[in-house]
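Spelled out from the first residue to the last, the chains are:
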Amino acid sequence: MPIVELQNIRKVYDTKVAVEGLTLTIEPGTMFGLLGPNGSGKTSSIRMMIGMTVPDSGSVQLFGKPFARNLLHRVGYLPEERGLYKKMKVLDQLIFLGQLHGLDETTARKRSLDWCERMEITEAIDKKTEELSKGMQQKIQFIAALLHEPDLIIMDEPFSGLDPVNAELLMKTLIDLRKEGKAILFSTHRMDQVEKLCDAIAIIFQGKLVLSGGMREVKSRYPRNRVQMQFTGGDAFLQHPGIAEARNFSGMAEIKLTSPEAAQPLLAAAMASGAQISRFEVMEPTLEEIFIETVKGTPEFIAAGGKIHA
Amino acid sequence: MHNIWLVARREYLERVRAKSFLIMTILIPLLMGGAIGGVAFMSRNMGSGQHIAVVTDNPQFASDIQTEMSDSKGTNKPTVDIYPLSNPTIFTTLNDQLAAKHATLDGYLIVTPAVTTGQRPTFQWVPKVESDVITRARVADAIRGALTREKLITSGMSTAQVDSLLAPIELNSKGKSDHAGAAVASAYGMFFLMYFVILFYGMNVARSIIEEKTSRIFEVLLATVKPTEMLAGKVIGVGAVGLSQVAIWITLALVAVKYMSASAGFDMHILPNAGQSALFILFFILGYLLYSSIAAALGAMTNSEQELQQMQIFLMLPLIFCSMIIFQVITNPDGTVAKWASFVPFTAPLIMYTRVIVGHPDALAVVASIVILILTISVVLWLASRIYRVGILMYGKKPNLPEILRWLKYS
């Protein structure tokens with residue numbers, strides 16, 4: 001039974017089409033990446049998923065049932081734009097949000113304390129939100145989304161504004177939750193961040209789905225034609241006929257080959273040229289490269305001037 | 001329902017626990033009491049120490065003016081100096097007195113006898129301050145009284161007869177003289193209470209909506225709470241804060257009045273009877289809910305305090321209108337203006353209550369007015385939540401009127 005099933009949903013705001021014919025399925029125990037540049041319709045899709053707005057057409061199913069508000073007690077949502085009551089004490093705030101998600105006060109209090117310990121912010125419990133650092137507020141928001149042990153966790157740009165240590169802590173927590181069988185939906189424009197995390201992805205662009213599937217399956221559709229190498233000495237070998245595109249950052253080259261088979265001849269040619277090679281790695285394309293590869297032919301991409309903040 | 005309760009409870013507790021609530025609760029009665037006491041003190045002392053001069057050759061007339069100027073109660077008797085017209089330097093002396101910085105003289109009156117006997121003398125008033133209309137009016141009244149007195153005496157009446165004829169009249173309405181004043185006071189009291197509480201707490205509903213918009217907390221809330229629940233919770237929660245405060249004030253006032261009337265030995269009615277007290281509470285709550293709902297709609301339409309400030313006038317206009325007609329309603333509670341205004345929802349709470357206190361509306365009309373109010377509150381809340389729901393999700397864009405109308409159609 002899929003956790004989320006969107007069937008051909010569409011949403012138009014006045015004249016702007018926010019989402020057009022989006023279909024996707026999220027299975028339990030997966031980390032699902034909803035990817036796309038800014039303004040491509042990620043947040044609009046999420047809002048329809050949790051009933052904040054109603055799609056103009058198409059259907060939304062949660063936990064195998066048509067959308068109903070009582071199913072929302074099984075969903076945890078971390079919105080992209082974070083917000084907490086500034087003047088309210090952290091613990092009161094967490095209890096209030098927990099109660100709104102259907103917990104009773106005692107349970108909400110106990111879980112809040114446990115989570116604050118787990119997230120290493122116990123000292124913040126008695127403070128008002130406005131006295132806390134941004135990173136701490138973010139963690140509180142994160143806890144608020146998880147307090148009621150939701151089966152579907154929706155995280156809109158969860159790592160923005162977090163330092164690496166805290167981002168790591170969050171990531172670890174999410175991986176633990178996935179092990180418990182929860183489904184996690186990541187929405188982000190930072191495709192590099194989710195590359196290692198996600199089991200399945202959907203990339204949307206201008207409100208339309210351009211690519212979706214399991215991470216491995218998507219990647220295997222594209223040839224392993226990327227090479228990264230580190231070297232000292234002359235870079236004359238970068239003129240090799242097997243190279244489609246190369247960028248040399250003084251001793252560190254990123255190369256796109258014409259075909260995966262050109263890798264070995266290139267290595268041989270480089271060694272023959274006398275360069276000292278310390279690293280030579282054949283890689284699969286990154287999600288970002290795949291994304292640009294996919295959309296570069298579309299009229300929307302050309303209209304956007306070929307520039308996308310991805 | 002559970003969500004409404006949770007939202008309302010949070011609003012209530014957060015506000016009541018805030019220091020500002022305590023400060024307002026103590027400070028407002030102090031300031032109001034101070035202001036009322038100050039005005040009462042000043043008006044009691046008004047007229048005392050009035051000092052005028054009369055320049056005339058007729059000493060009897062001057063002393064008549066003196067008698068007329070002193071009012072019936074015999075307190076704050078004004079000083080009246082009398083100078084003969086024949087004194088050639090008198091005008092320079094008086095003008096110097098008027099110009100002097102610390103002079104107490106408020107002005108002088110020159111009485112020039114008529115050329116032909118039996119004609120009125122001519123009067124000239126030279127005030128210290130041109131805008132002192134109160135003294136001027138008192139002098140004019142005194143002259144008229146003095147002239148009458150003079151005429152009556154010359155036509156053969158005795159001084160005692162004239163005194164009794166010209167004595168001030170106490171007009172008592174038969175039987176209920178006490179309650180009339182109290183009724184008017186309670187109508188005015190309701191008006192000021194409502195005006196203040198709506199201005200303060202009604203706007204707080206709008207403000208708390210805007211606060212949630214700017215802090216973006218609404219995104220988290222809307223993931224479980226329906227906009228209507230959120231809005232209703234806010235109106236009820238913030239409303240309860242206002243009602244608590246008013247309840248504290250009224251209790252304090254009642255205790256103070258009881259204590260004061262016990263110690264000072266006078267009888268004070270704030271509300272004439274229990275039925276009218278119940279109506280006071282009912283109309284107050286209905287009016288308050290109505291205005292809070294309008295405030296909620298304003299909050300839903302705007303994105304910042306500044307924008308809200310501009311919209312605030314829409315909340316205050318009906319109240320200002322009430323303040324313009326309330327005197328007419330009190331003096332003529334069953335007249336056309338009062339009748340119409342007690343069925344228009346925005347003026348109904350105040351005007352209908354006033355009519356019940358001072359007039360004689362039939363029971364059906366009162367019930368109709370209450371029903372109209374309840375219906376209007378539901379419609380306004382429904383509209384507000386529609387605007388809120390769509391508006392909040394289109395944050396960042398100020399809607400225009402056609403857009404708001406279109407939003408009402410959105411699901």
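Residues numbered from 1 in each chain as written. Chains lettered and ligands numbered in written order. Predicted model: local features only at pLDDT ≥ 70, side-chain atom pairs only at ≥ 80, totals over all residues.

Chemist: Can you help me understand the overall build of chain B in this one?
Modeler: Helix and strand content of chain B: 15 helices and four strands. Sequence separation of 24 or more characterises 73% of the internal contacts of chain B that already satisfy a separation of 6 or more. (Helix = DSSP H or I, 4+ residues; strand = E, 2+ residues; numbered from the N terminus. Contact = placed C-beta atoms within 7 Å.)

Chemist: Can you help me understand the overall build of chain A in this one?
Modeler: Looking only at helices and strands, chain A features 10 helices and 14 strands. Taken along its principal axes, the extent of the C-alpha atoms in chain A is 70 × 45 × 35 Å. Expressed as a percentage of its 310 residues, the buried residues of chain A come to 39%. (Buried ≥ 20, exposed ≤ 12 C-beta atoms within 10 Å, placed from the backbone.)

Chemist: What am I meant to see in the sheet that holds strand S2 (residues 16-26) of chain A here?
Modeler: Neighbouring strands of a sheet are bound in pairs by backbone hydrogen bonds; such pairs are parallel or else antiparallel. Residues and elements named next belong to chain A. The four strands lie next to each other as S2-S1-S4-S5, forming an open sheet whose pairing is antiparallel. Lying at the two open borders of the sheet, with one neighbouring strand each, are S2 and strand S5 (65-66). One ladder, built from seven bridges, connects strand S1 (residues 4-13) with S2; its direction is antiparallel. Paired with Val4 across the strands is Ile26, a residue of S2. Those strands touched by helix H1 (residues 42-49) are S1, S2 and strand S4 (57-62), and its axis lies near 120° from that of S1. (Pairing = 2+ DSSP bridges. Axes fitted to C-alpha atoms, helices over the stretch in contact; angles between N-to-C directions.)

Chemist: Mind showing me how you'd approach the interface of chain B and chain A here?
Modeler: Accessible area lost upon the coming together of the parts is a frequently used measure of interface size. Contact residues are listed per partner, giving 16 residues for chain B and 23 residues for chain A. Elements with a minimum of two residues in the side of chain B that touches chain A: helix H1 (2-17) and helix H8 (217-222) of chain B. Residue composition of the side of chain B that touches chain A, by class: eight nonpolar, four polar and four charged. (Nonpolar A, V, L, I, M, F, W, Y, C, P; charged D, E, K, R; others polar.)

Chemist: Honestly, the nonpolar core in this entry has me stumped. Any pointers?
Modeler: Note on soluble globular proteins: their nonpolar side chains tend to be buried together. Within the largest apolar cluster, 135 residues are counted, with the highest numbers of intra-cluster contacts made by Phe32, Ile143 and Leu185 of chain A together with Ala296 of chain B. Per-element accounting of this core gives the leading share, 14 residues, to helix H10 (residues 274-301) of chain B. Leaving out residues up to four positions away in the same chain, Ile143 of chain A has contacts with Leu94, Ser112, Trp115, Cys116 and Met119 of chain A. In this structure, Val55, Leu105, Ile143 and Ala146 of chain B belong to the second largest nonpolar core, which totals 17 residues. (Core = buried A, V, L, I, M, F, W, Y, C linked by C-beta atoms within 7 Å.)

Chemist: Just to check I follow, could you spell out the sheet that holds strand S3 (residues 31-35) of chain A for this structure?
Modeler: Residues and elements named next belong to chain A. Spatially, the six strands line up as an open sheet ordered S6-S7-S8-S3-S9-S10, and their pairing is mixed. Looking at which strands have only one partner, the edges of the open sheet turn out to be strand S6 (75-78) and strand S10 (208-214). Recorded for the sheet is a direction-independent mean angle of 15° between the axes of neighbouring strands. By the bridge criterion, six bridges tie strand S9 (residues 200-205) to S10 in an arrangement that is antiparallel.

Chemist: Sorry, what's going on with the environment of Arg144 of chain B here?
Modeler: By the secondary structure assignment, Arg144 of chain B is in helix H5 (residues 133-154). Arg144 of chain B sits 79 residues away from Ile65 of chain B along the chain, and the two C-alpha atoms are 8.9 Å apart.

Chemist: Even after reading the chapter, I still don't get unusual backbone geometry, so can you show me in this structure?
Modeler: With glycine set apart, most residues show a phi of negative sign, and most peptide bonds adopt trans. Although it is not a glycine, Asn8 of chain A sits at a positive phi angle of roughly 50°. Position of Asn8 of chain A among the secondary structure elements: in strand S1. In the Ramachandran plot, Arg216 of chain B falls in the positive-phi region, its phi being about 65° despite a non-glycine side chain. Within the secondary structure layout, Arg216 of chain B lies in the loop between helix H7 (177-215) and H8.

Chemist: Would you mind going over the packing of H10 of chain B against helix H11 (residues 305-331) of chain B with me for this structure?
Modeler: Two measures define how a pair of helices packs: the angle their axes make with one another and the distance between the axes. Residues and elements named next belong to chain B. Relative orientation of the contacting elements H10 and H11 amounts to 155°, with a least axis distance of 10 Å. It follows that H10 is roughly antiparallel to H11 by the angle criterion. Handedness of the crossing formed by H10 with H11: right-handed. Two secondary-structure elements touch here, H10 through Tyr291, Ile294, Ala295, Leu298, Gly299 and Met301 and H11 through Leu308, Met311, Phe314 and Leu315. Broken down by class, the residue content of the contact of H10 with H11 amounts to nine nonpolar, one polar and no charged. (Parallel < 35°, antiparallel > 145°, perpendicular 65-115°, else oblique. Left-handed = near helix turned anticlockwise from the far one by under 90°.)

Chemist: Before we go on, may I ask you to explain the confidence of the model for chain A in this structure?
Modeler: Regions with low pLDDT carry predicted coordinates that are not meant to be interpreted in detail. Per-chain confidence: chain A averages 85 in pLDDT, with 96% of residues scoring 70 or above. Mean pLDDT in chain A bottoms out at helix H10 (residues 299-303) of chain A, which sits at 68, and peaks at helix H2 (residues 90-100) of chain A, which reaches 92. (pLDDT = per-residue confidence, 0-100.)

Chemist: Looking at this structure, I do not really get the environment of Phe249 of chain A. What am I missing?
Modeler: Summarising the element assignment, Phe249 of chain A is placed in the loop between strand S12 (243-248) and strand S13 (252-257). Note: C-alpha distance between Phe249 of chain A and Gln230 of chain A (19 residues apart in sequence) is 9.5 Å.

Chemist: Would you explain the packing of H11 of chain B against helix H13 (residues 348-358) of chain B in this entry?
Modeler: Residues and elements named next belong to chain B. Taken N-terminus to C-terminus, the directions of H11 and H13 make an angle of 15°; their axes are 10 Å apart at the nearest point. Considering their axes alone, H11 and H13 lie roughly parallel with respect to each other. In the packing of H11 onto H13, the handedness of the crossing is right-handed. Seen from H11, the contacting residues are Cys322, Ile326, Val329 and Ile330; seen from H13, they are Leu350, Ile351, Thr354, Arg355 and Val358. Counted by class, the contact of H11 with H13 contains seven nonpolar, one polar and one charged residues.

Chemist: Quick question: what am I supposed to make of the domain arrangement of chain A here?
Modeler: For chain A, the assigned domains are domain 1 (4-219) and domain 2 (223-283). Summarising the inter-unit geometry, the C-alpha centres of domain 1 of chain A and domain 2 of chain A are found 41 Å apart. (Domains from an automatic or database assignment.)

Chemist: Can you walk me through helix H5 (residues 164-179) of chain A in this structure?
Modeler: Structurally, the α-helix is built with 3.6 residues per turn, so residues lying three or four positions apart point the same way. With 16 residues, H5 of chain A should cover 22 Å at 1.5 Å per step; its first-to-last C-alpha distance of 22 Å lies within 8% of that length. Following H5 of chain A by one or two positions, Gly181 of chain A has its phi on the positive side, about 100°. (Expected span 1.5 Å × (residues − 1).)

Chemist: What should I look at first to understand the environment of Tyr12 of chain B in this one?
Modeler: Residues and elements named next belong to chain B. Within the secondary structure, Tyr12 is located in helix H1. A tally of 18 C-beta atoms within 10 Å means that Tyr12 is categorised as partly exposed. For the pair Tyr12 and Ala167, spaced 155 residues apart in the sequence, the C-alpha separation amounts to 59 Å.

Chemist: I'm lost on the pairing of S4 of chain A in this one. Help?
Modeler: Side-chain direction in a regular strand flips from residue to residue, so the side chains alternate between the two faces of the sheet. All names here are of chain A. Bridge count between S1 and S4: five bridges; the pairing is antiparallel. Directly across from Gln7, in S4, lies its bridge partner Ser59. Bridge analysis of S4 against S5 gives two bridges, and the strand direction is antiparallel. Opposite Leu62, over in S5, you have Lys65 as the bridge partner. Where S4 folds back on S5, the antiparallel hairpin that results is connected by two residues, among which Phe63 adopts a positive phi of roughly 50°.

Chemist: So what exactly am I meant to see when it comes to the pairing of strand S11 (residues 226-232) of chain A here?
Modeler: Residues and elements named next belong to chain A. Side chains of S11 alternate between two faces, with Val227, Met229 and Phe231 buried and Arg226, Gln228, Gln230 and Thr232 left unburied. Where S11 meets S13, five bridges bridge the pair, whose relative direction is antiparallel. In the strand pairing of S13, Val227 is matched with Ile255. Two strands pair when backbone bridges link them, and S11 and strand S14 (residues 276-283) are joined in this way by seven bridges, in the antiparallel orientation. Directly across from Phe231, in S14, lies its bridge partner Ile277.

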